[in-house]
Amino acid sequence: MNTPSQRPRTPSVAQLRAFVAVAEHLHFRAAANAIGTSQPALSGALAALEEALGAQLVERTTRKVIITPLGERVAAHARRALAALNSLTEEVEAARLPFTGPLHLGVIPTVAPYLLPTVLRLVRESYPDLDLHVHEERTPSLLDGLAAGRLDVLLLALPAGGTTPTRDIPLFDEDFVLLTPPDHQLAGRTDVPRDALLDLEVLLLEEGHCLRDQALDLCREVGAEPSGGSTRAAGLSTLVQLVAGGLGVTLLPATALEVEAGRADRLAAVRFADPAPGRRIGLATRPGSARAAEYDRFADSLRSVLCDLPVRIVNP
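Residues numbered from 1 in each chain as written. Predicted model: local features only at pLDDT ≥ 70, side-chain atom pairs only at ≥ 80, totals over all residues. Heavy atoms only, no water.

## Digging into helix α9 (residues 254-261)
Here is step 1 of the chain: For α9, the set of buried residues is A254, T255, A256, L257 and E260.
Here is step 2 of the chain: In the core, the buried residues of α9 are packed alongside α5 (112-126), β6 (167-180), α8 (236-244), β9 (250-253), β10 (268-270) and β11 (278-285). (Buried < 20%, exposed > 50% of the residue type's maximum accessible area, 1.4 Å probe, protein only. Helix = DSSP H or I, 4+ residues; strand = E, 2+ residues; numbered from the N terminus. Contact = heavy atoms within 4.5 Å.)

## Re the environment of R271
Here is step 1 of the chain: Summarising the element assignment, R271 is placed in the loop between β10 and β11.
Here is step 2 of the chain: A residue is classified by how much of its surface remains accessible, and R271, at 37% relative accessible area, is partly exposed.
Here is step 3 of the chain: Residues R271 and R303, spaced 32 residues apart in sequence, show a C-alpha to C-alpha distance of 24 Å.
Here is step 4 of the chain: Contact partners of R271, with chain neighbours within four places excluded, come to V177, R189, T190, D191, V192 and L257.

## A short note on the packing of α5 against helix α10 (residues 292-306)
Here is step 1 of the chain: Put simply, α5 and α10 touch, their axes get as near as 10 Å, and they point 120° apart. Classed by the angle they form, the pair α5 and α10 counts as oblique. In the crossing of α5 with α10, the sense of the turn from one axis to the other is right-handed. Where α5 abuts α10, its residues L115, T118, V119, L122 and V123 lie against F298, S301, L302, V305 and L306.
Here is step 2 of the chain: Taken together, the residues that form the contact of α5 with α10 break down as 8 nonpolar, 2 polar and no charged. (Axes fitted to C-alpha atoms, helices over the stretch in contact; angles between N-to-C directions. Parallel < 35°, antiparallel > 145°, perpendicular 65-115°, else oblique. Left-handed = near helix turned anticlockwise from the far one by under 90°. Nonpolar A, V, L, I, M, F, W, Y, C, P; charged D, E, K, R; others polar.)

## Some thoughts on the nonpolar core
The tendency in soluble globular proteins is for nonpolar side chains to be buried side by side.
Here is step 1 of the chain: The biggest cluster of nonpolar side chains holds 77 residues, and the ones touching the most others in it are L155, L178, L197, L283 and F298.
Here is step 2 of the chain: For L155, the residues in contact, after removing those within four places along its chain, are L105, G106, V107, I108, V111, L115, V119, L171, I281, G282 and L283.
Here is step 3 of the chain: Judged by nonpolar contacts, the second largest core, of 23 residues, contains A45, L57, V74 and A78. (Core = buried A, V, L, I, M, F, W, Y, C linked by side-chain atoms within 4.5 Å.)

Structure follows, in structure tokens:
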């Protein structure tokens, strides 16, 4: 590395991308896969970055990767620099022709299986020159990817939250449905008050899912505390199977009901009394993106094709 008397050298874009990937994944193989390079090439780029800056950014152990305190600050600068470079290429691309070239769309897991068929059909029929890449990740990872320029636009629950500034474009509101076994005392009802949750064993997704946080907020709003013990699920499909197995009840977005309830026979849907709890789904982009007008048009197109789902379209 440089001696204290030497000035740091300007790092390359490849070095910054390699370091940001390591900082996000904390795993060299996963980071290399994320940016489409080999692990030796990534390790070499990271070593070159540390040499150029004259500072240790990463602690390497046999079991895990640790970002040093200085490395955390450098990673924040690197994300901003890469986002600025991405904005430059976006502006050039947008000036050429809208809805052409690559578009990296991030989608949360509690939306992807239920909306993607409609979204992909829209892109295929209306935007054949758009090179769409879909990334299914949880909200924190999506927001990091948006800030770093790895992702262009997100499809998720609004507000996106976190520390990443976003420009939110609402698409629709949807209700939550309570899923129970068919012999449950509430099965089939359409007027259940929210405080019915006080007496129920509500099963949740594992941490990192925004739907888990929304379910917790709803339970706490009425003074209930989910009592599913250590039972947690990585996805909605598993939650549904746990309910079918008699382990409790769960909250399901209305758009997921037809798909997930069809996976098991021992299920019943319960509707809440108005106003029913729910969530808002929309797009999130970087503020000031050169493709802002394009994303607005994309949102308009999405609203027109999503109106057949059990949702309430939110017009701008």
